[in-house]
Amino acid sequence: MKLIHYPERSSWEGLVRRPVLDTQSLTGQVRQILAAVRSEGDEAVRRFTLAFDKVSIAGLEVTPSEIAGAGDRLDVSLRVAMQLACRNIEAFHRTQSSPVVPMETMPGVRCWRRNVPIDRVGLYIPGGTAPLFSTILMLGIPARLAGCRQVVLCSPPGPAGKLDPAILYAASLVGITRVFRVGGVQAIAAMAFGTQSIPRVDKIFGPGNQYVTCAKQLIQQEGVAIDLPAGPSEVAIYADETADPAFVAADLLSQAEHGADSQVLLVVNRAELFEQVSRELDSQLARLPRRDLAARALANSQAVLVHDEAEAMDLLNAYAPEHLILASDRSADLAERVQNAGSVFLGHYSPESAGDYASGTNHTLPTNGYARAYSGVSLDSFVKKITFQELTREGLAGIGSAVQAMAAAEGLEAHARAVAVRFEGKTN
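This text gives an overview of the structure that appears in the document. (Residues numbered from 1 in each chain as written. Predicted model: local features only at pLDDT ≥ 70, side-chain atom pairs only at ≥ 80, totals over all residues. Heavy atoms only, no water.)

Bringing the packing of aromatic side chains into the picture now. The full count for this structure, using the stated rule, is 5 aromatic pairs. Ring geometry for Phe48 versus Phe52: centroids 5.9 Å apart, planes at 5 degrees, classification stacked. Taken together, the residues span about one helical turn, with Phe48 and Phe52 both in helix H3 (residues 42-53) at a distance of 4 residues. Each ring, one from Tyr370 and one from Tyr374, has its centre 5.6 Å from the other, and the planes form 85 degrees; the classification is edge-to-face. The class of Tyr370 is partly exposed, set by a relative accessible area of 33%. For Tyr374, a relative accessible area of 39% corresponds to the partly exposed category. Its guanidinium or amino end placed over the ring of Tyr319, Arg18 lies 3.8 Å from that ring's centre, counting from NZ or CZ. For Arg47, the ring lying beneath its charged end belongs to Phe48, and the centroid distance is 5.1 Å. (Phe/Tyr/Trp six-rings, centres within 6.5 Å; stacked < 30°, edge-to-face > 60°. Helix = DSSP H or I, 4+ residues; strand = E, 2+ residues; numbered from the N terminus. Buried < 20%, exposed > 50% of the residue type's maximum accessible area, 1.4 Å probe, protein only. Lys NZ or Arg CZ within 6 Å of the ring centre and 35° of its normal.)

Let's shift gears to the pattern of salt bridges. One pass over the full model with this rule turns up 20 salt bridges. Put simply, Arg94 and Glu90 hold a salt bridge, and the shortest N to O gap is 2.8 Å. With Arg94 and Glu90 both in helix H5 (residues 76-94) and 4 residues apart, the pair spans about one turn of that helix. Classification of Arg94 as exposed rests on a relative accessible area of 51%. (Salt bridge = Lys/Arg side-chain N within 4 Å of Asp/Glu carboxyl O.)

Think of a sheet as strands paired side by side through backbone hydrogen bonds, with each pair either parallel or antiparallel. Pairing is parallel in the open sheet, where 6 strands are placed in the order S1-S11-S10-S9-S12-S13. The sheet is open, and its two edges are formed by strand S1 (2-5) and strand S13 (343-346), each paired on a single side. Direction aside, neighbouring strands of the sheet carry axes that sit 20 degrees apart on average. Bridge analysis of S1 against strand S11 (residues 302-305) gives 4 bridges, and the strand direction is parallel. (Pairing = 2+ DSSP bridges. Axes fitted to C-alpha atoms, helices over the stretch in contact; angles between N-to-C directions.)

When two helices pack together, their arrangement is given by the angle between the helix axes and by the axis-to-axis distance. Here helix H8 (residues 184-193) crosses helix H9 (residues 210-220) at 25 degrees, and the two axes come no closer than 8 Å. The pairing of H8 with H9 is recorded here as roughly parallel in orientation. Crossing angle aside, the handedness with which H8 passes H9 is right-handed. Every residue of H9 that contacts H8 at Gly184, Val185, Ile188, Ala192 and Phe193 is listed here: Tyr211, Val212, Ala215, Lys216 and Ile219. Considered class by class, the residues forming the contact of H8 with H9 number 8 nonpolar, 1 polar and 1 charged. (Parallel < 35°, antiparallel > 145°, perpendicular 65-115°, else oblique. Left-handed = near helix turned anticlockwise from the far one by under 90°. Contact = heavy atoms within 4.5 Å. Nonpolar A, V, L, I, M, F, W, Y, C, P; charged D, E, K, R; others polar.)

The next subject is helix H11 (residues 271-285). Compared with an ideal rise of 1.5 Å per residue, which puts 15 residues at 21 Å, H11 spans 21 Å between its outermost C-alpha atoms and is within 8% of the ideal. Regarding H11, the residues found buried are Leu273, Phe274, Val277, Ser278, Leu281, Gln284 and Leu285. For H11, the angular spread of buried residues about the axis comes to 140 degrees, placing them on one side. In H11, the exposed positions that point more than 90 degrees away from the buried face belong to Arg279 and Asp282. Next to the buried residues of H11 lie S1, strand S9 (234-239), helix H10 (245-256), strand S10 (263-268), helix H12 (291-299) and S11. (Expected span 1.5 Å × (residues − 1). Arc of directions from axis to C-beta.)

So, on to the nonpolar core. Val121, Ile136, Leu137, Leu153, Ile176, Val179 and Phe382 are the most contacted members of the largest nonpolar core, which totals 39 residues. Elements represented by at least two residues in this core include exactly H5, strand S4 (120-124), helix H6 (133-146), strand S5 (150-154) and helix H7 (165-174). The element best represented in this core is H6, accounting for 8 residues. Leave out the neighbours within four places in its chain, and Ile136 touches Ile125, Ile141, Leu153, Ile167, Ala170, Ala171, Val174 and Ile176. Ranked by size, the runner-up nonpolar core spans 35 residues in total, among them Leu60, Val182, Ile188 and Val224. (Core = buried A, V, L, I, M, F, W, Y, C linked by side-chain atoms within 4.5 Å.)

Moving on, we come to unusual backbone geometry. Here the phi dihedral of Tyr6 falls at roughly 40 degrees; this positive angle occurs in a residue that is not glycine. Turning to its location among the elements, Tyr6 is positioned in the loop between S1 and helix H1 (12-16). The phi dihedral of Ala320 falls on the positive side, at around 55 degrees, and the residue is not glycine. Mapped onto the secondary structure, Ala320 falls in the loop between helix H13 (309-319) and strand S12 (323-327).

Glancing now at the pairing of S12. The element S12 is largely enclosed, with a buried count of 5 among its 5 residues. Residue alternation in S12 divides its side chains into two sets, His323, Ile325 and Ala327 and Leu324 and Leu326, and both sets are buried. The sheet contact formed by S9 and S12 spans 5 bridges and is parallel. Paired with Ala236 across the strands is Leu324, a residue of S12. Pairing geometry for S12 and S13, over 4 bridges, is parallel. Residue pairing in the sheet places Leu326 in a bridge with Leu346 of S13.

Written out as structure tokens, the structure is:
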């Protein structure tokens with residue numbers, strides 16, 4: 001990581017800008033796959049699975065017995081850890097349920113809002129270098145709590161055509177019974193359009209590589225909702241003189257090991273602290289199994305030296321990170337200044353990995369600066385909020401003149417007539 005000394009605010013826009021990918025050729029390839037799956041169904045899914053995953057799949061759906069037996073193939077310690085994570089995630093997401101609260105905006109005019117679950121949702125879980133079974137907990141638990149009728153899970157098969165047992169066990173923990181060994185763009189297409197084996201869904205959740213991300217953006221244009229705009233995962237850390245350099249370095253590396261395109265940003269108020277963190281990075285990096293990926297991510301990342309914490313928070317809000325760690329004894333005060341972030345980790349004992357796995361908050365978060373306008377996945381992501389209103393004759397009489405005046409001003413006579421007709425020739 002290179003250290004940038006006291007950058008002028010006029011240069012911040014460049015500092016916080018993420019790398020831009022040339023997606024023109026990518027989009028063309030993705031469109032072709034989407035079209036093929038839409039027209040050919042399972043046949044196209046199998047063809048692309050063979051081409052991209054190098055495995056021939058006969059039955060796309062995982063059998064109930066495979067799901068039921070997956071836990072037996074895992075260490076007891078991992079099963080216990082996943083069960084603890086489930087309890088915490090469920091406890092936190094249960095608090096997000098809101099009751100129906102009817103209210104009168106004026107006499108005779110009653111309004112309320114009710115949460116209605118999205119009927120059919122699809123979860124995409126990447127495989128590749130690290131099968132993200134934890135994401136099943138993050139998505140499957142709120143889907144169940146919301147009451148979604150059908151939850152479909154797709155994940156790419158391994159070389160033997162099987163799914164990682166941790167993925168299947170996670171699915172069983174959250175009650176998902178429809179699991180398919182399909183990955184990549186073909187999985188997104190199958191869930192978006194439906195095939196002979198894979199049901200069509202109304203909304204698709206889950207991370208993926210640039211091809212999956214592109215596919216999600218394209219199917220959104222076809223009327224299928226998605227969870228979030230996504231880019232490479234990222235963390236930003238503010239560390240002051242109270243921070244432990246070893247902790248800071250470990251947090252940077254926990255993000256960097258996701259992949260070479262991961263984004264890490266370190267903001268410090270002392271140059272000496274940056275030097276201490278750099279030494280720790282070198283020491284800890286050498287011991288990591290994924291050190292090559294982490295080293296490439298760090299090489300593309302930067303640290304910034306600022307004058308004080310106020311400047312640090314302004315810069316971090318401009319960056320709008322997916323994950324924000326405030327490594328300071330003053331983290332509670334600094335948290336009040338956070339305007340743009342997906343999830344915030346306060347103090348010296350709140351590593352990002354706690355939120356990634358087991359603290360209870362959701363780890364499906366906005367990246368690429370979208371935290372300026374988007375929230376992370378929550379129970380709300382799996383419901384529609386439908387409003388209702390009921391007016392009595394007296395209630396409509398009370399607002400009727402206002403409705404008619406506004407409709408007339410907009411030139412919408414039928415709107416005004418819909419009120420007027422209800423009172424014509426009526427005396428009571």
